[in-house]
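# Topology and contacts: notes
The residues making up each chain are set out below.
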Amino acid sequence: MSNLLRQPVEVTYQDELAALKACDDKAKPVQWQLSPQAVVTYLMGGKTRDGVEISSKYIGNRRLIETAVATLATDRALLLLGVPGTAKSWVSEHLTAAISGDSTRIIQCTAGTDENQIRYGWNYAQLLAHGPSTDAIVPTPLFRAMQDGTLCRLEELTRMGSDVQDTLITVLSEKMMPIAELNDAVYAKAGFNVIATANNKDKGVNELSSALKRRFNVVVLPLPDDMDEEVQIVSRRVSEMGDKLGLPVPKNTLEEIQKVITIFRELRGGETLDGQTALKAPTGNLSTAEAIAVMVGSLSQANWFNQGKLSVEDVSSNLIGAIVKDPVQDKLVLEEYLETVLKKRKGYQQYYHGLNEQL
Ligand SMILES: Nc1ncnc2c1ncn2[C@@H]1O[C@H](COP(=O)(O)OP(=O)(O)O)[C@@H](O)[C@H]1O
Ligand SMILES: [Mg+2]
């Protein structure tokens, strides 16, 4: 086993990718490692023709993934949109791994990202010594993806300023990037495309200009629509992550996951699951990804401090941090939820006490 904390998914899942490739005789778009059908199987899971099991990476609507893959085979770029924690980055990483065999061409967009980090930079020693030349250019991941005909990922596209975002317009519509200093340009090779992710809820995001929006096909990744699906996502990821961190996963984990997801879904949705009681929603977004983090944190606490026994106290102390993001407002929301709902509900007494104790 490697001692790296995390490897790119094309390394972690190399056996699955190789198995899919070995029996993939369908037509492939130029430069693609797998056919579109095989890419969808890689994401959604299934069996190859040779009977090799492919795990499912994305749990949800297959059509969304088909649309995403189909978009990437056209000349339009793909924008995965959704609230935080809906697997946008996860899907983007797996798509680039399956299609280009390399998920590491990535630009993390922030408020501080400037044009040079999108287009190209300069090696200043070279620039000063010899003036502008191709050798003095420092290519960005986008630049290299254009040169090689692969996918490039842009994470959190809307976090960077609108003027910088618009640098992409020429790249996406003309498939070229001018290098004014050299009176030259890079022309994208077939196979080049962009997968961007953006979330539509957080603070500090900049609207996409409509000119740029037109260059993207938007696929919205939703929060899981039913309870079972969400429990399945969380238990799968928790056991995978538990495995990787060497944390045992006790038998009662599934039961606690079900309770945590119930609490998450009720608070997120602003009403109890039976629709009988209206609730106030906390300021955080209580995503599936946060439920995963709560459970992994609890397993770690159980392992190191509670002889491997997963107790409701452990889960509660992790849960509090996920629900109470604003110490005043969210505390009131949670107090009300505890008193009006959990106090009387069968099977939730320990949660009622555990959470109350730490509020
Ligand atoms: N529908 C889903 N299917 C599989 N995993 C999911 C799903 N929703 C959330 N996850 C998990 O949530 C975690 C966080 O997702 P991430 O891609 O970082 O979210 P985002 O980029 O949308 O904020 C990932 O580990 C992913 O496995
Ligand atoms: Mg993300």
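One structure accompanies this document, and this report is about it. (Residues numbered from 1 in each chain as written. Chains lettered and ligands numbered in written order. Predicted model: local features only at pLDDT ≥ 70, side-chain atom pairs only at ≥ 80, totals over all residues. Heavy atoms only, no water.)

### Some words on the site of ligand 1
Put simply, the rule reads: We define proximity as follows: a residue is near a molecule or strand when any one of its heavy atoms falls within 4 Å of that partner. Within 3.5 Å is the distance limit for a polar contact, defined as a pair of N or O atoms, with the added protein rule that one can donate a hydrogen and the other accept it, and that residues adjacent in sequence qualify only through two side-chain atoms. Where accessible areas are quoted, they stem from the Shrake-Rupley method and a 1.4 Å probe; at the residue level, only the protein chains shown are allowed to cover. We count a stretch as a helix when DSSP gives it H or I for four or more residues in a row; a strand needs E for two or more, and each element gets its number in order from the N terminus.
Residues in contact with ligand 1 amount to 14 residues; listed here are only the nearest, Ile59, Gly85, Lys88, Ser89 and Trp90. Contact distances for ligand 1 include 3.2 Å between an oxygen atom and a backbone N or O atom of Ala87. Contact between ligand 1 and Trp90: an oxygen atom at 2.9 Å from a main-chain N or O atom of the residue. In isolation ligand 1 offers 560 Å² of accessible surface; the protein chains occlude 84% of this area. Elements with a minimum of two residues in the shell around ligand 1: helix 5 (88–100), helix 12 (227–245) and helix 14 (288–305).

### Some points on the packing of helix 13 (residues 253–269) against helix 14
Quick note on the threshold: Every angle, taken between N-to-C directions, lies between 0 and 180 degrees, and every axis is a line fitted to C-alpha atoms, over only the stretch in contact when it is a helix. Take the far helix as the reference: if the near one is turned anticlockwise from it by less than a right angle, the crossing is left-handed, and if turned clockwise, right-handed. Residues are treated as being in contact if the distance between any of their heavy atoms lies within 4.5 Å.
Their axes nearest at 10 Å, the elements helix 13 and helix 14 cross at an angle of 140°. Helix-helix and strand crossings are classified by hand; for helix 13 and helix 14 the assignment is right-handed. Contacts between helix 13 and helix 14 involve Thr253, Glu256, Ile257, Val260, Ile261, Phe264 and Arg268 from the former and Thr288, Glu290, Ala291, Val294, Met295 and Leu299 from the latter.

### So, the pattern of salt bridges
This is how it is decided: Each reported salt bridge corresponds to a side-chain nitrogen of Lys or Arg within 4 Å of a carboxyl oxygen of Asp or Glu. Buried means the residue's accessible area, taken with a 1.4 Å probe over protein chains only, is under 20% of the maximum for its type, while exposed means over 50%, and partly exposed covers the values in between.
Tallied over the full model, the rule gives 18 salt bridges. In this structure, Glu230 and Arg268 form a salt bridge, with 2.7 Å as the shortest nitrogen-oxygen distance. Of this pair, Glu230 sits in helix 12 while Arg268 sits in helix 13, and the two are 38 residues apart along the sequence. Glu255 is paired through a salt bridge with Lys259; the nearest N and O atoms lie 3.7 Å apart. Placement of both Glu255 and Lys259 in helix 13 is noted, with a separation of four residues, approximately one turn of the helix. You can call Lys259 buried: its relative accessible area is 15%.

### What to know about the sheet that holds strand 3 (residues 77–82)
Where we set the bar: Strands were regarded as paired on the criterion that DSSP finds at least two bridges between them.
In spatial order, the strands read 4-7-10-3-11; together these five strands make up an open sheet with parallel pairing. Only two strands of the sheet have a single neighbouring strand rather than two, namely strand 4 (106–108) and strand 11 (216–220). Taken over all neighbouring pairs, the strand axes of this sheet differ in orientation by 20° on average, direction set aside. Note: strand 3 against strand 11, five bridges, orientation parallel. Of the residues in strand 11, the one forming a bridge with Leu78 is Asn217. Helix 4 (residues 62–72) contacts strand 3, strand 7 (151–155), strand 10 (193–199) and strand 11 of the sheet and is inclined by roughly 165° relative to strand 11. The sheet contacts of helix 5 involve strand 3, strand 7 and strand 10, and relative to strand 7 the element is tilted by about 170°.

By themselves these figures say nothing about function.
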